[in-house]
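Examining the three-dimensional arrangement
What follows is the residue order along each chain.
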Amino acid sequence: MTPTPQQYLWMYENMVKSRAFEERIATAYFEGKSPVFNMANGPIPGEMHLSNGQEPCAVGVCAHLDAADFVTATHRPHHIAIAKGVDLDGMAAEIFGKKTGLSGGRGGHMHLFDAAVNFSCSGIIAQGMGPAVGAATAFKLRGEKRVAVAFIGEGAANQGAFHESLNLAAVWQAPVVFVIEDNAWGISVSKAQSTAVPHNDSRAAAYGMPGHRVTGNDPAAIFAVAGEAIARARAGGGPSLIEIETSRLAGHFIGDAEGYRPAGEKDALFARDPIPTLRGKLLAEKVMTETDDLAIVKRAESAVEQAIAKARAAPFPAAAEAYQHVFA
Amino acid sequence: MTATATALPNRAKRNLTIAKAMAEALAQEMRRDPSVLVMGEDIAALGGVFGNTRGLLEEFGPARIRDTPISETAFIGAAVGMAAVGMRPVVELMFVDFFGVCMDAIYNMAAKNCYFSGGQAGVPMVLMTSVGGGYGDAGQHSQCLYGTFAHLPGMKVVVPSNAYDAKGLMVSAIRDNNPVIFMFHKALQGMGWLGTVQGSINDVPEDAYTVPFGQATIARTGKDVTIVGLGATVHLALDAAQELIAAGIDAEVVDLRSLVPLDRATVNASVKKTGRLLVVDEDYMSYGVSGEIIASVVEAGTVLKAPPKRIAFPDIPIPFSPTLERPALPSAEKIVATVTAMARGGR
């Protein structure tokens, strides 16, 4: 399965948009946090987990999904949210804790919910897997052709929820695809230190489902493998597991000094940054021209600038709003 | 028998156990609403270890009456996902003590998704779970944990003391758009393999009806002391009230029925009338339901004729041996002794 030119351009634009979004979020995050870094200060308090470098995972998978498909993402969610079509203005406002945010400032960047596109993310490792199995089971029960995708990191493959959810999905033959973004680090602990097998796709065999590993952080390769797995799930062929080799170009969160990284690792990762790599490929293969590229970048940046500007200008929720929506 | 369990005119009385009342509520709601389904361990062919899904597999089949693997994290998490896409799952956590392996799905997702979505994603699910000891099952199969669940915001918590309330609360729970923790006490359940408090078996109308949340009932009216109970302790309080008549003490018994929302008004009104308050809870003493009820009455400024008292499980793990467990449990004898002492002071 190869992306069409339109699919390539869609993937590229969403990668560019995600990166532009995170660059502006990072800039805003540092406001009010110098000379002394205090996470509680500035327009965006709290932890901030950036996904730059991991954009290919989001676009390669979400290119096969539409709004009706159900996605759960992790504490590092922005690239997936953008690729799933989450309202960018609402997402930016949520991250700034504003009244106009997706949940009116109740959730923040780790708790983005957009019911219109069936997207949610959460802050506990492997937590979204059970809900993905449940949503997929509901789709199957009702005879709908919808699928669910649970994104997790490679660290999540050592959680109980991972193993329970794979087993349950297989027993119930749920139309769900589990996507592991393997950025090689669980905060500061390397995959080799924490994981009994070299690669987690091999764990699929223990649950009688196909497992695939995609190397190279290449959107087209991810697109191909994810496309087959999602088509299989949609056609009633049951669950599968995909592990994608990807890069965490930032620290675990902003402020992480990353002293645990081997010397030279970051330079090597930046040398393989997937966005310039894809840009070069699309230009070389004449999928787009330089002019097209400029237009794409401008469009993506403009959408991001507007979202951030609206978020900054939006009012904060009143204190009394903290008491709303505890119950439906 | 509670005040609500009155026979309707033109209808023969139909005494049911809580197990049968729960199964009937589930069946009627499943017939009415195709989005309702039940999941849990041993709930299909076996009909539930506590009998509350008996007969449902035969009528609704394995797609809607789903036996699960022993994977509480996965299937309770799955219920959250089902609820997010329009189903109304009812899941059974066989013993509440098993909450340790799945609490993330319960209190971090089911209880918080509505809030964190700003009301976009309600979680209409019911978690039904057995509670209570007194039958020698030790501390991993005997806890009540009412206070643990009621403490955490975002979940409704109900505790029936009889079959009538169990059916009506279950219907309300299934129709509610929020996660509801439905805690049924094993000593009231009506299982062939475990003794049943006879007062829990009462008249249950066949047609579906709701018992609203947040409404306590006066299980016995009296004027001298208010005894507040929930689940099994309601029956201990009623037994004690019977014995107290001989001592000239007229006790009022309040059945909370619902912990979240909590009907503080009914409790306060009763204590305002009697001037004395005893709370009887089988859950652990400290930081729990008993303290919350007493705090509510004190905060309301109700004038008391005697200091408020509580009888609850002491702050120890629940032991196995009957000579260790039984003296630690609340009992009618303890209630009689405590109320007698309270009445003596200040009458």
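Residues numbered from 1 in each chain as written. Chains lettered and ligands numbered in written order. Predicted model: local features only at pLDDT ≥ 70, side-chain atom pairs only at ≥ 80, totals over all residues. Heavy atoms only, no water.

Focus: the interface of chain B and chain A
- In this complex, chain B contributes 40 residues to the contact, which on the side of chain A involves 34 residues.
- Interface area for chain B against chain A, summed over the two sides, is near 3000 Å², with a carbon-plus-sulfur share of 68%.
- Looking at the side of chain B facing chain A, the largest losses of area belong to B:Val85, B:Tyr115 and B:Phe116, adding up to 24% of the total buried there.
- Joining chain B to chain A, the criterion identifies 0 salt bridges.
- The interface formed by chain B and chain A includes 13 residue pairs in polar contact (both at pLDDT 80 or more).
- Mapped onto the side of chain B that touches chain A, the elements with two or more residues apiece are strand S2 (36-40), strand S3 (65-67), helix H3 (72-84), helix H4 (103-110) and helix H5 (113-116) of chain B.
- No other element matches H3(B), which puts 10 residues into the side of chain B that touches chain A.
- Looking at the side of chain B that touches chain A residue by residue, the class counts come to 19 nonpolar, 16 polar and 5 charged. (Contact = heavy atoms within 4.5 Å. Buried area = accessible area lost by both parts, 1.4 Å probe. Salt bridge = Lys/Arg side-chain N within 4 Å of Asp/Glu carboxyl O. Polar contact = N/O pair within 3.5 Å; in protein donor to acceptor, adjacent residues only side chain to side chain. Helix = DSSP H or I, 4+ residues; strand = E, 2+ residues; numbered from the N terminus. Nonpolar A, V, L, I, M, F, W, Y, C, P; charged D, E, K, R; others polar.)

Quick word on the sheet that holds strand S11 (residues 251-255) of chain B
Residue and element names in this part refer to chain B.
- Read from one edge of the open sheet, 5 strands run S9-S11-S10-S13-S14, paired in mixed fashion. What marks the edges here is a single partner per strand, and that holds for strand S9 (217-220) and strand S14 (309-313). Taking each pair of neighbouring strands and ignoring which way they run, the sheet shows an average axis angle of 25°.
- Two elements, strand S13 (residues 277-284) and S14, share 4 bridges in a ladder whose sense is parallel. Residue pairing across strands places Leu278 opposite Lys309, the latter belonging to S14.
- Against the sheet, helix H9 (residues 264-274) makes contact with S9, strand S10 (225-229), S11 and S13, and its axis sits at roughly 175° relative to S11, the strand it touches most. (Pairing = 2+ DSSP bridges. Axes fitted to C-alpha atoms, helices over the stretch in contact; angles between N-to-C directions.)

Observations regarding the side chain of B:Thr129
Residue and element names in this part refer to chain B.
- Looking at where Thr129 falls in the secondary structure, it is placed in strand S5 (residues 126-131).
- Take Thr129: its relative accessible area is 0%, and that puts it in the buried class.
- Sequence-distant contacts of Thr129, that is, excluding residues within four places in its chain, are made with Leu93, Phe95, Val96, Ile181, Phe182, Met183 and Phe184. (Buried < 20%, exposed > 50% of the residue type's maximum accessible area, 1.4 Å probe, protein only.)

What about the pairing of S10(B)?
All names here are of chain B.
- Counted residue by residue, S10 has 5 buried out of 5 residues, so it is predominantly covered.
- Here S10 shows a buried face lined by Val225, Ile227 and Gly229 and a second buried face lined by Thr226 and Val228.
- Here S10 pairs with S11 via 5 bridges, running parallel. Across the sheet, Ile227 pairs through a bridge with Val253, a residue of S11.
- Regarding the hand of the β-α-β motif, the stretch spanning S10, helix H8 (residues 232-244) and S11 is right-handed. (Right-handed = clockwise from strand over helix to strand, strands pointing away.)

Digging into the sheet that holds strand S2 (residues 113-114) of chain A
All names here are of chain A.
- Ordered in space as S2-S3-S1-S4-S5-S9-S8, the 7 strands form an open sheet in which the pairing is mixed. Pairing within the sheet leaves two strands with one partner each, and these edge strands are S2 and strand S8 (211-214).
- The strands touched by helix H2 (residues 55-62) within the sheet are strand S4 (148-153), strand S5 (176-182) and strand S9 (240-245), with S4 carrying the most contacts at an inclination of about 170°.

A closer look at the domain arrangement of chain B
Residue and element names in this part refer to chain B.
- On domain assignment, one finds that chain B holds domain 1 (15-203) and domain 2 (217-344).
- Counting from both sides, the interface comprises 30 residues of domain 1 and, opposite them, 22 residues of domain 2.
- Both faces considered, domain 1 and domain 2 share a buried interface measuring about 2000 Å² in area, 58% of it formed by carbon and sulfur atoms.
- At the junction of domain 1 and domain 2, the tally comes to 1 salt bridge.
- A salt bridge links Asp165 to Arg257; its shortest N-O distance comes to 3.0 Å.
- The interface formed by domain 1 and domain 2 holds 15 residue pairs in polar contact (both at pLDDT 80 or more) in total.
- Taken together, the elements giving at least two residues each to the side of domain 1 that touches domain 2 come down to helix H6 (146-151), strand S6 (156-158) and helix H7 (163-175).
- Among the residues making up the side of domain 1 that touches domain 2, the classes are represented as 14 nonpolar, 14 polar and 2 charged. (Domains from an automatic or database assignment.)

Thoughts on the environment of B:Val339
Residues and elements named next belong to chain B.
- Summarising the element assignment, Val339 is placed in helix H12 (residues 332-344).
- For Val339, a relative accessible area of 1% translates into the label buried.
- Placed 115 residues apart in sequence, Val339 and Asp224 show a C-alpha to C-alpha distance of 9.5 Å.
- With residues near it in sequence (within four places) discarded, Val339 still touches Val225, Ile227, Leu244, Ile249 and Leu278.

What to know about the nonpolar core
- Judged by nonpolar contacts, the single largest core of 79 residues is most densely connected at A:Phe178, B:Ile76, B:Ile106, B:Tyr146, B:Phe149, B:Met183 and B:Leu259.
- With 8 residues, H3(B) is the single largest residue contributor to this core.
- Two domains each provide a minimum of three residues to this core, namely domain 1 (15-203) and domain 2 (217-344) of chain B.
- The residues contacting B:Tyr146, other than those within four sequence positions of it, are B:Val131, B:Val159, B:Met183, B:His185, B:Leu230, B:Leu259, B:Asp281, B:Asp283 and B:Val289. (Core = buried A, V, L, I, M, F, W, Y, C linked by side-chain atoms within 4.5 Å.)

Section: the environment of A:Asp114
- Take A:Asp114: it is sitting in strand S2.
- Considered as a pair, A:Asp114 and A:Pro276 are 162 residues apart in the sequence and their alpha carbons are 30 Å apart.

Considerations on the confidence of the model for chain B
- Scored by pLDDT, chain B has a mean of 96; 96% of the residues are at 70 or more.
- Note on residues 1-5 of chain B: pLDDT is under 50 here. Beyond four places in sequence and across chains, it has 17 contacts. (pLDDT = per-residue confidence, 0-100.)

Quick notes on the packing of aromatic side chains
- Taken as a whole, this structure holds 12 aromatic pairs over all chains when the rule is applied.
- Seen from their ring centres, A:Tyr29 and A:Phe30 are 6.2 Å apart, and the 85° between their planes marks the pair as edge-to-face.
- Judged by its relative accessible area of 44%, A:Phe30 falls in the partly exposed class.
- Pairing B:Phe50 with B:Phe95 gives two aromatic rings, centres 5.3 Å apart and planes at 75°, and the pair type is edge-to-face. Residue B:Phe50 is located in the loop between S2 and helix H2 (56-60), and its partner B:Phe95 is located in strand S4 (residues 88-95); the two are separated by 45 residues in the primary sequence. For the residue pair B:Phe50 and B:Phe95, the accessibility class agrees, reading buried in each case.
- Of the aromatic side chains, those joined through ring pairs into one cluster are B:Phe50, B:Phe95, B:Phe98, B:Phe184 and B:Trp193.
- Positioned above the aromatic ring of A:Tyr29, the side-chain terminus of A:Lys33 is 3.7 Å from the ring centre.
- Directly above the aromatic system of A:Trp172 lies the positively charged group of B:Arg66, at a separation of 4.3 Å from the ring centroid. (Phe/Tyr/Trp six-rings, centres within 6.5 Å; stacked < 30°, edge-to-face > 60°. Lys NZ or Arg CZ within 6 Å of the ring centre and 35° of its normal.)

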